[in-house]
Amino acid sequence: ALKGAGSVEVEASYTHARELVERLGDASRLFPVLWGLWFVTFNRGRYAAAREAGEQLLEAAQKGDDTGQLLEAHHALWPTLSAMGQPAAALAHAERGLALYDRTRHASQTFLYGGHDPGTCCRYHLALTRWLLGYPDRSLSALQDALRLAEELKHPLSTVLTLWFAACIHYQRGDREAAAATADRLLALATEHAFSLWVDNALLLPYVRPGARLDARALAEPHRRLVSSWAGGAVFRQVFCLCVLAELYAEAGHVDGGLEALASIPNEHRSAFYAPEIHRIEGELLLRRSEASTGSAERCFRTAIDLARGRAEKSLELRAATSL
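As a starting point, this report considers the structure included with it. In this text the structure is predicted, and so the values were computed from the model without any measurement.

Rules of the game
- Residues numbered from 1 in each chain as written.
- Predicted model: local features only at pLDDT ≥ 70, side-chain atom pairs only at ≥ 80, totals over all residues.
- Heavy atoms only, no water.
- Buried < 20%, exposed > 50% of the residue type's maximum accessible area, 1.4 Å probe, protein only.
- Salt bridge = Lys/Arg side-chain N within 4 Å of Asp/Glu carboxyl O.
- Helix = DSSP H or I, 4+ residues; strand = E, 2+ residues; numbered from the N terminus.
- Axes fitted to C-alpha atoms, helices over the stretch in contact; angles between N-to-C directions.
- Parallel < 35°, antiparallel > 145°, perpendicular 65-115°, else oblique.
- Left-handed = near helix turned anticlockwise from the far one by under 90°.
- Contact = heavy atoms within 4.5 Å.
- Nonpolar A, V, L, I, M, F, W, Y, C, P; charged D, E, K, R; others polar.
- Phe/Tyr/Trp six-rings, centres within 6.5 Å; stacked < 30°, edge-to-face > 60°.
- Lys NZ or Arg CZ within 6 Å of the ring centre and 35° of its normal.

**A few points about unusual backbone geometry**
Unlike most non-glycine residues, Ala194 shows phi in positive territory, near 60°. What makes Ala194 exposed here is its relative accessible area of 63%. Its identity as a non-glycine residue notwithstanding, Tyr274 has a phi of 70°, on the positive side. Using a relative accessible area of 1% as the deciding quantity, one classes Tyr274 as buried.

**A closer look at the pattern of salt bridges**
Within the structure shown, the criterion is met by 18 salt bridges. Here Arg280 ties to Glu284 by a salt bridge, and the two come within 3.7 Å at their closest N and O atoms. Separated by four residues within a single helix, Arg280 and Glu284 lie in helix α15 (residues 275-289), roughly one turn from each other. Judged by relative accessible area, Glu284 falls into the partly exposed class, the value being 27%. Across the salt bridge formed by Arg309 and Glu317, the nearest N and O atoms sit 2.8 Å from each other. Here the salt bridges share partners, and the residues they tie into one network are Glu247, Glu277, Arg280, Glu284 and Arg319.

**Things to note about the packing of helix α4 (residues 67-83) against helix α7 (residues 118-132)**
Here α4 crosses α7 at 30°, and the two axes come no closer than 10 Å. It follows from the interaxial angle that α4 and α7 lie roughly parallel. In the packing of α4 onto α7, the handedness of the crossing is left-handed. Facing α4, whose interface residues are Leu71, Glu72, His75, Trp78, Pro79 and Ser82, α7 presents Pro118, Cys121, Cys122, His125, Leu128 and Thr129. Split by residue class, the contact of α4 with α7 holds seven nonpolar, four polar and one charged.

**What to know about the packing of aromatic side chains**
By the definition in use, this model includes 17 aromatic pairs. Centre to centre, the rings of Trp35 and Tyr113 are 5.3 Å apart; their planes meet at 75°, and the pair counts as edge-to-face. Taken together, the residues span a long stretch of sequence, with Trp35 in helix α2 (residues 30-43) and Tyr113 in the loop between α6 (103-106) and α7 at a distance of 78 residues. Side by side, Trp35 and Tyr113 carry an identical accessibility label, which is buried. Taking the centre distance of 6.2 Å and the plane angle of 45° together, the rings of Phe165 and Phe236 count as tilted. Linking Phe165 in helix α9 (residues 156-172) with Phe236 in helix α13 (residues 235-251), this pair joins segments that are 71 residues apart in sequence. For Phe236, a relative accessible area of 4% puts it in the buried group. Looking at Arg138, its charged tip hangs above the ring of Tyr135, at a distance of 5.5 Å from the centre.

Honestly, it's all geometry; don't read function into it.
See the structure below:
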């Protein structure tokens, strides 16, 4: 089921599993099935429903004494809240996951819940949320912990996920060489293990390397693959990648390509993860297109500031204020 986590077929498999559990009356087998249904919902970008499912998982886990299930309930909520643009709430669940995780007891859950290790997952989400909330040094510390654990576990998909978040955070910190080098490692490992979705989600990142040759033709293929993979993976990753693509188009002098990249983000996902950056980058592109666009650009920057401030995303608020 995990090979196509957002597909209708996978949802049907989990729904059938739930029917079987209920028919057998074996409540002990219900939790992983409900977690799988959450996972499908999350990967489809249906974040409000995913949050509701995660809260139901947490309520169920809190009634028992299984730390593994409690960990996985928080594991459902930290990425959901992060993807919804609620980093402070996501941080609380990731920190709880960090406190609960015991490698000896919980690393084996990789093969039951989501195909990746919950210990690495809580660490790289800690890194992401701490950066957004304005703590770059603490973000880097959490990221280094995630990379160390991934190296020790030697589990390919956990490593690929960790490398994607590492590339994302290095890019946010302005260390483009580290972001590109990390993406190179990710692409090699993802290609080796045929993780095609992760190839699509990382194909763009080597282009951020300083001195990389940028033109509209070179960026067209990663642009096409990003847009065509909307139904296949977590939407928040694609939103981030399309924002990076828009910035690269701007650096290549192809403003219309950048605006097209931003326009390809569906309306229902423009107010969730990375929403302030969508508006800020649009403002930067408008300024590059025409001096007459100053008023429109200023409105974009002020919208970005208000959004970031309302979500306590200090790093994005500072970035938007600098653009203004």
